[in-house]
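The lines below spell out each chain.
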Amino acid sequence: MKKLLIVDDHAVIRQMICLALRDHFELEQFGDADSTYASLATSRPDGIVLDVMLPGSMSGYQLCQRIKSDPALASIHVVLVTARGQVADQEFGRALGADAYFIKPFSPVALVRHLTTALLSPSGAAATGSKESPLP
Amino acid sequence: MNTSNQRPAQTEAEAAWQHCPWGLVAIGRDGKVCRVNPAFEYRTGTAAATVLGMSESDFDALFNSPLPDRRRFGQRRVETGDEALRAIYYFFHAPTDSDHDSQLVHIAERMREPLASIYGFAELLLTQNYDEDTRRDLTGTLMEQVEVISNVINEELDTRNSAIGPHATAPRFGGGGPQ
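Everything numeric here is computed off the predicted structure, so don't read it as measured data. Every chain's residues receive numbers from 1 upward, in the order its sequence appears when written. Whichever chain is written first is A, and whichever ligand is written first is 1; the rest continue in order. Under the rules for a predicted model, residues below a pLDDT of 70 receive no local features and side-chain atom pairs below 80 are neither given nor counted, while totals for whole chains, interfaces and linings still include all residues. Water and hydrogen atoms play no part in the side-chain values, which are based on all heavy atoms of the structure.

Student: Any chance you could explain the overall build of chain A here in plain terms?
Tutor: Numbering of helices and strands runs from the N terminus, with a helix taken as a DSSP run of H or I at least four residues long and a strand as a DSSP run of E at least two residues long. Each helix and strand in chain A was counted, giving six helices and five strands. Contacts: residue pairs with any heavy atoms within 4.5 Å of one another. Considering only contacts within chain A whose residues lie at least 6 apart along the sequence, 58% involve residues at least 24 apart. For chain A, the computed accessible surface area is about 5,800 Å², with 52% contributed by carbon and sulfur atoms. For accessible areas, the Shrake-Rupley method is used with a probe of radius 1.4 Å. Any residue's cover is judged against the shown protein chains and nothing else.

Now the structure itself:
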């Protein structure tokens, strides 16, 4: 089973995302970017669902940038999930190399669909780079 | 014991004038600016020497000019009905469009967290088959998150009220009122 890290400082959000994804992926939860980054030294997930505004020395943007600029980590599929919904925020996430950007509130069913397509389907590579839209 | 009786009224009035958070400008009976307080200089960035002795019409024209930096504060004029003073101008903080924009972004970000939980759990309840205990737990979480939103709204309103405070309201003293 492929492994995903769920990174959000709100436990309720982590619970909701884990509930949606638990039948499809092995999941591990983190509440900040620093401990998430430290974990990458010993364990290599297939994807990360990453909040942007996090406590500690590193934001979700900074963790995304570190992952995507490191050749050893760049293949990790990064989905930014954030309350920052302005166009400039999305463009910034895209510039950092995020594979998808979900704006809270978002559809967990759409998140499952995106991640199963990107990581579990044979045509997953085609899904990489897609950008989900906020809810209508 | 009423401590106010222990100090001369003039001293108290002087202290109030010096420490009032509103900018205050007094117009004498001769129609000229006769006094300003420190908050006036701070709020408007205008030195006392610039306006002291200025006629009220010139003063009024100066602070109603359409310069962008004049929009950071509001002002009110109050007739005093006093023998020595014709009027007092009050200058108070008026939030800019930029202030309002950042407040709205901040509120939106705070609201989106519980909204994400509510939408997400509601969608999962609608589309997935969970056992009765799980459904009850998720419904309880939905109710908690509604309470979180309610608290965010209350906190933001409290913060806004305390931040604006008396500056949001035109001061009304004695028989005078905003002109």
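Alright, that's what it looks like, and here's the rest.
Student: I tried to follow the pattern of salt bridges on my own but got confused; where do I start?
Tutor: Opposite charge on two side chains makes pairing possible when the charged atoms of those side chains draw close. For this document, the term salt bridge refers to a Lys or Arg side-chain nitrogen within 4 Å of an Asp or Glu carboxyl oxygen. The full count for this structure, using the stated rule, is 14 salt bridges over all chains. Of the charged contacts, one joins R35 of chain B and E14 of chain B as a salt bridge, the two residues approaching to 2.8 Å between their closest N and O atoms. Placement of the pair is R35 of chain B in strand 2 (residues 33–36) and E14 of chain B in helix 1 (residues 9–19), with a sequence separation of 21 residues. Across the salt bridge formed by E156 of chain B and R110 of chain B, the nearest N and O atoms sit 3.0 Å from each other. Of the two residues, E156 of chain B is situated in helix 6 (residues 132–164) and R110 of chain B in helix 5 (residues 97–127); the sequence distance between them amounts to 46 residues. Given a relative accessible area of 14%, E156 of chain B falls into the buried group. Residues joined by salt bridges that share partners form a network here, namely D8, D51 and K104 of chain A together with E113 of chain B. Type-normalised accessible area, obtained with a 1.4 Å probe on protein chains alone, sets the label of each residue: buried when under 20%, exposed when over 50%, and partly exposed for intermediate values.

Student: Mind showing me how you'd approach the interface of chain A and chain B here?
Tutor: How big an interface is tends to be stated in terms of the accessible area lost upon association of its parts. Contacts between the two partners involve 22 residues from chain A, matched on the other side by 18 residues from chain B. At the boundary of chain A with chain B, total buried surface from both sides reaches about 1,700 Å², with 67% on carbon and sulfur atoms. Remark: the boundary between chain A and chain B carries one salt bridge. Here a polar contact means two N or O atoms within 3.5 Å. Within protein one must be a hydrogen donor candidate and the other an acceptor candidate, and residues neighboring in sequence count only if both atoms are side-chain atoms. Counting across the chain A and chain B interface gives six residue pairs in polar contact (both at pLDDT 80 or more). Buried area is a sum: the accessible area each of two parts loses on coming together, probed at 1.4 Å, counted once for each and added.

Student: Please clarify how the nonpolar core should be interpreted in this entry.
Tutor: Most often, soluble globular proteins keep nonpolar side chains buried together rather than apart. Remark: nonpolar core denotes a set of buried residues (Ala, Val, Leu, Ile, Met, Phe, Trp, Tyr, Cys) joined through side-chain atoms within 4.5 Å. Among the nonpolar cores identified, the biggest contains 29 residues, and I17, L21, V49, F102, L111 and L115 of chain A are the most heavily contacted of them. Elements that contribute at least two residues to this core include exactly strand 1 (3–7), helix 1 (11–21), strand 4 (77–82), strand 5 (100–103) and helix 5 (108–119) of chain A together with helix 5 and helix 6 of chain B. Take this core: its biggest share by element is seven residues, from helix 1 of chain A. Here L115 of chain A is in contact with L4, L21, F25, V49, H77, V79 and L120 of chain A, once residues within four sequence places are set aside. With 22 residues, the next largest nonpolar core counts L5, V7, L80 and Y101 of chain A among its residues.

Student: Before we go on, may I ask you to explain the sheet that holds strand 1 (residues 23–28) of chain B in this structure?
Tutor: In sheet architecture, strand pairing relies on hydrogen bonds along the backbone and comes in two forms, parallel and antiparallel. Residues and elements named next belong to chain B. Strand order in the open sheet formed by four strands is 2-1-4-3, with antiparallel pairing between adjacent strands. Edge positions in the sheet fall to strand 2 and strand 3 (73–79), since each of these pairs with one other strand and no more. Shown here is a sheet whose adjacent strand axes are inclined to one another by a mean of 20 degrees, direction ignored. Two elements, strand 3 and strand 4 (residues 85–93), share seven bridges in a ladder whose sense is antiparallel. Within strand 4, the residue paired with G74 across the bridge is F92. Angular values range over 0 to 180 degrees, each being the angle between N-to-C directions of two axes fitted as lines to C-alpha atoms, with helices fitted over their stretch in contact. Running over the sheet, helix 1 touches strand 1 and strand 2 and is turned about 80 degrees from strand 2. Contacts from helix 4 (residues 56–63) reach strand 1, strand 2, strand 3 and strand 4, with the element oriented near 10 degrees to strand 4. Think of it this way: DSSP has to see at least two bridges between two strands before they count as a pair.

Student: What am I meant to see in the packing of helix 1 of chain A against helix 5 of chain A here?
Tutor: Residues and elements named next belong to chain A. Helix 5 packs onto helix 1 with a crossing angle of 55 degrees between their chain directions and a minimal axis gap of 9 Å. Relative to helix 5, helix 1 is oriented oblique. Here helix 1 runs over helix 5; the crossing is right-handed. In this structure, helix 1 uses M16, I17, A20 and L21 to contact helix 5, whose residues at the interface are P108, L111, V112 and L115. Of the residues assigned to the contact of helix 1 with helix 5, the class counts are eight nonpolar, no polar and no charged. Note on terminology: angles under 35 degrees are roughly parallel, angles over 145 are roughly antiparallel, angles of 65 to 115 are roughly perpendicular, and the others are oblique. A crossing counts as left-handed when the near helix is turned anticlockwise from the far one by less than a right angle, and as right-handed when that turn is clockwise. Each residue gets one of three labels, nonpolar for Ala, Val, Leu, Ile, Met, Phe, Trp, Tyr, Cys and Pro, charged for Asp, Glu, Lys and Arg, and polar for the others, Gly among them.

Student: Explanation requested: helix 5 of chain A in the structure shown.
Tutor: Residues separated by three or four positions in an α-helix point in the same direction, a consequence of the helix having 3.6 residues per turn. Residue and element names in this part refer to chain A. Here a helix's expected span is defined as the number of its residues, less one, multiplied by 1.5 Å. The terminal C-alpha atoms of helix 5, which comprises 12 residues, lie 16 Å apart, in line with the 16 Å expected from a rise of 1.5 Å per residue. Taken across its 12 residues, helix 5 has nine buried, putting it largely inside the fold. Among the residues of helix 5, P108, A110, L111, V112, H114, L115, T116, A118 and L119 are the ones counted as buried.

Student: Please explain the sheet that holds strand 4 of chain A as it appears in this structure.
Tutor: All names here are of chain A. An order of 2-1-3-4-5 is seen for the five strands of this open sheet, with the pairing classed as parallel. At either end of the open sheet lies a strand with only one pairing partner, and these are strand 2 (26–30) and strand 5. Each strand of the sheet is rotated relative to its neighbour by a mean of 20 degrees, with strand direction disregarded. Relative to strand 5, strand 4 runs parallel, the two being bridged by four bridges. When the bridges of strand 5 are listed, T82 appears paired with I103. Strand contacts of helix 3 (residues 60–69): strand 3 (47–51), strand 4 and strand 5, with the helix running at about 170 degrees to strand 4, the strand carrying the most contacts. On the sheet, helix 5 packs against strand 1, strand 3, strand 4 and strand 5 and is oriented at approximately 170 degrees with respect to strand 4.

Function cannot be inferred from these measures alone, as they are strictly geometric.
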